Amino acid sequence: MLGAWLGDVTLDRFIESYLGREALARNGSIASPRALFGWRDLADVLANEQAESFVVGAGELVSMPPPRDYETLVALLSSGAGVFVRDAERAHPRLAALAASFAPELGAARVQIFATPGGTHGFRWHYDDEDVFVAQLAGIKDYYLRENTIARGERARSNVFARFRDETSTLQLATLERGDFLYIPSRWWHMAESRQTALSLSIGLRVSASPDLHAARTHTDQAM
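Residues numbered from 1 in each chain as written. Predicted model: local features only at pLDDT ≥ 70, side-chain atom pairs only at ≥ 80, totals over all residues. Heavy atoms only, no water.

**Q** So what exactly am I meant to see when it comes to the overall build of the protein here?
**A** If you tally the helices and strands in the protein, you get eight helices and eleven strands. The C-alpha extent of the protein, read off along each of the three principal axes, is 55 × 40 × 30 Å. Within the protein, the proportion of its 224 residues that are buried is 51%. A separation threshold of at least 6 residues defines the contact pool for the protein, and within that pool the share at least 24 residues apart is 82%. As displayed, the protein offers around 10,500 Å² of accessible surface, 49% of which is attributable to carbon and sulfur atoms. Here the protein contributes 23 positive and 28 negative side-chain charges, whose respective centroids are spaced 3 Å apart. (Helix = DSSP H or I, 4+ residues; strand = E, 2+ residues; numbered from the N terminus. Buried < 20%, exposed > 50% of the residue type's maximum accessible area, 1.4 Å probe, protein only. Contact = heavy atoms within 4.5 Å. Areas by Shrake-Rupley, 256 points an atom, 1.4 Å probe, with all protein chains shown as cover. Lys, Arg positive; Asp, Glu negative; His and termini not counted. Charge placed at Lys NZ, Arg CZ, Asp CG, Glu CD.)

**Q** Just checking my understanding: could you explain the pairing of strand β9 (residues 181-184) for this structure?
**A** Side-chain direction in a regular strand flips from residue to residue, so the side chains alternate between the two faces of the sheet. Burial along β9 is two-sided: F181 and Y183 facing one way and L182 and I184 facing the other are all buried. Where strand β1 (residues 24-26) meets β9, three bridges bridge the pair, whose relative direction is antiparallel. The residue of β9 that forms the bridge with L24 is Y183. Bridging between strand β6 (residues 131-138) and β9 involves four bridges; their strand directions are antiparallel. Residue pairing across strands places V132 opposite I184, the latter belonging to β9. (Pairing = 2+ DSSP bridges.)

**Q** Hey, could you run me through the pattern of salt bridges in this one?
**A** Once the charged atoms of two side chains with opposite charge are near each other, the side chains can pair. Under the definition given, this model contains 13 salt bridges. With a shortest N-O distance of 3.6 Å, D129 and R155 are connected by a salt bridge. In this pair, D129 sits in the loop between β5 (109-116) and β6 while R155 sits in the loop between β7 (141-146) and α7 (158-161), placing the two residues 26 residues apart along the sequence. A salt bridge links R163 to E154; the shortest N-O distance between them is 4.0 Å. With a relative accessible area of 29%, E154 lands in the partly exposed category. A cluster of three or more residues bridged by salt bridges with shared partners is formed by D87, R90, R110 and E130. (Salt bridge = Lys/Arg side-chain N within 4 Å of Asp/Glu carboxyl O.)

**Q** Got a minute to help me understand the sheet that holds β7 in this structure?
**A** The strand order across the open sheet built from three strands is β8-β7-β10, with neighbouring strands paired in antiparallel fashion. Bordering the open sheet on either side are β8 (172-176) and β10 (189-194), each of which pairs with just one other strand. When the angles between neighbouring strand axes are averaged without regard to direction, this sheet yields 20°. When β7 meets β10, the two strands line up antiparallel, connected through six bridges. For K141, the partnering residue across the bridge sits in β10 and is S194. (Axes fitted to C-alpha atoms, helices over the stretch in contact; angles between N-to-C directions.)

**Q** Sorry if this is basic, but what is going on with the packing of helix α4 (residues 39-48) against helix α5 (residues 70-78) here?
**A** To characterise two packed helices, one gives the angle between the axes of the helices and the distance between these axes. Where α4 contacts α5, the axes come no closer than 9 Å and their chain directions differ by 110°. In this view, α4 runs roughly perpendicular relative to α5, as classed from their interaxial angle. Touching W39, R40, L42, A43 and L46 of α4 are Y70, E71, L73 and L77, all from α5. Its residues assigned to classes, the contact of α4 with α5 shows seven nonpolar, no polar and two charged. (Parallel < 35°, antiparallel > 145°, perpendicular 65-115°, else oblique. Nonpolar A, V, L, I, M, F, W, Y, C, P; charged D, E, K, R; others polar.)

**Q** Looking at this structure, I do not really get the pairing of β7. What am I missing?
**A** With respect to burial, β7 is a largely interior element, five of its six residues being buried. As paired elements, β7 and β8 share five bridges and run antiparallel to each other. Looking across to β8, one finds that Y143 is bridged to A174.

Set out below in structure tokens:
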């Protein structure tokens, strides 16, 4: 699956030039995003309860029960709050298949879902310990990115995220529309803001230390 989402960038080139190093965006590389996952599918996931679901508002988790059906989901989004679902592959067969086939040569995948109203953002500036691959399925969303030069050696946790205010790396922006793809290296700062009510999948990978992958990355390191 990842090979198709990379568009004209081969998987070998991605591993050599981008993995763990640089962000990468591709426009329209995700074929049939509605068939991949849609709003009704999200309602099915929320009703399943096998994945952890949370309400998000003003960049923070909100202490209230998440919606469990389509109508309540629509009402929540209309109120200005959104939904975050963790380990969504546990709750939907299509997402389980996506996680299993995404990039097995890199490592095990986990699927998160973000549904965010227009004019709002999910979480404030933060970073993840995993490499993140974003599939934009609906709406338009601005993703702000910065390389982490001050806390890259620190595991992701909320009390470290305040150090973002000291970051001096170049601010990058990727605007994603339906069918677009974005790669965010592990421990890069990022924050996303929706221009329209947006639905996206975030696939997280903890890259494995397979011999082939290690050799490719070592070769690149020596060449730089």
